[in-house]
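Now for the letters of each chain:
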Amino acid sequence: MSASARAPLLVVAAALALTACQTTPKPKTAPAPPAPAQVAPPPPPPILVMPSRPAPPPPQRSCVPRNLPPPPRYPDTDAALRSSPGAADRYQLMAAGRILRQQRLEDLERVVQNCR
């Protein structure tokens, strides 16, 4: 082999030798044992003193009279309207329900006016 042909072979051989050195595993060193440190315990948390709560206000007296009747049973429910045979019957059910709602609203408005 001539000298000019050996030069590239030497360069390749040197490069392979250098890369082979980089791939060898490095020896592991044992970790240093932890030094026993004297750590003071944290101070206890401060004691918080809650301010006293004010007394709850006395319950207000209800202004709704005890003789206020419960709401009526309205005749124009969905089931009643669906089961009615004709339009005239549905109209009568809705008219009766409207009258009862107006009476209930008048009673409730009177109670609200007395509460104010």
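Residues numbered from 1 in each chain as written. Predicted model: local features only at pLDDT ≥ 70, side-chain atom pairs only at ≥ 80, totals over all residues. Heavy atoms only, no water.

### Considering the overall build of the protein chain
So, point 1. Helix and strand content of the protein chain: three helices and zero strands.
So, point 2. Of all 116 residues assigned to the protein chain, the portion counted as buried reaches 5%.
So, point 3. In the protein chain, 59% of the contacts between residues at least 6 apart in sequence involve partners at least 24 apart.
So, point 4. With the model as given, the accessible surface of the protein chain reaches about 11,300 Å², and the carbon-plus-sulfur share is 64%. (Helix = DSSP H or I, 4+ residues; strand = E, 2+ residues; numbered from the N terminus. Buried < 20%, exposed > 50% of the residue type's maximum accessible area, 1.4 Å probe, protein only. Contact = heavy atoms within 4.5 Å. Areas by Shrake-Rupley, 256 points an atom, 1.4 Å probe, with all protein chains shown as cover.)

### Here we look at the environment of M94
So, point 1. Here M94 is to be found in helix 3 (residues 87-115).
So, point 2. Taking the C-alpha atoms as reference points, M94 and T77, 17 residues apart in sequence, are found 8.8 Å from one another.
So, point 3. When near neighbours in sequence (up to four residues on either side) are disregarded, M94 contacts D76 and L81.

### Quick word on the state of the cysteines
So, point 1. For the structure shown, the criterion picks out one disulfide.
So, point 2. One disulfide bridge connects C63 with C115, the sulfur atoms lying 1.6 Å from each other. Here the S-S torsion is close to 105°, and the disulfide linking C63 with C115 is therefore right-handed. One end of the pair, C63, is in the loop between helix 1 (3-22) and helix 2 (78-83); the other, C115, is in helix 3, and 52 residues separate them in sequence.
So, point 3. The class of C63 is partly exposed, set by a relative accessible area of 38%. (Disulfide = S-S within 2.5 Å.)

### Things to note about the environment of V112
So, point 1. Tracing the backbone shows V112 in helix 3.
So, point 2. With relative accessibility at 33%, the residue V112 sits in the partly exposed group.
So, point 3. Taking the C-alpha atoms as reference, V112 lies 8.1 Å from V64; in sequence the two are 48 residues apart.

### Things to note about the pattern of salt bridges
So, point 1. The tally for this structure, following the rule as stated, stands at two salt bridges.
So, point 2. With a closest N to O distance of 3.0 Å, R101 and D76 form a salt bridge. Pair noted here: R101 is in helix 3 and D76 is in the loop between helix 1 and helix 2, with a separation of 25 residues, a long-range link.
So, point 3. The closest approach of N and O atoms between D107 and R110, which form a salt bridge, is 2.8 Å. You can see D107 and its partner R110 sitting in helix 3, three residues apart, about one turn around the helix. (Salt bridge = Lys/Arg side-chain N within 4 Å of Asp/Glu carboxyl O.)

What is shown is where atoms sit, not what they do.
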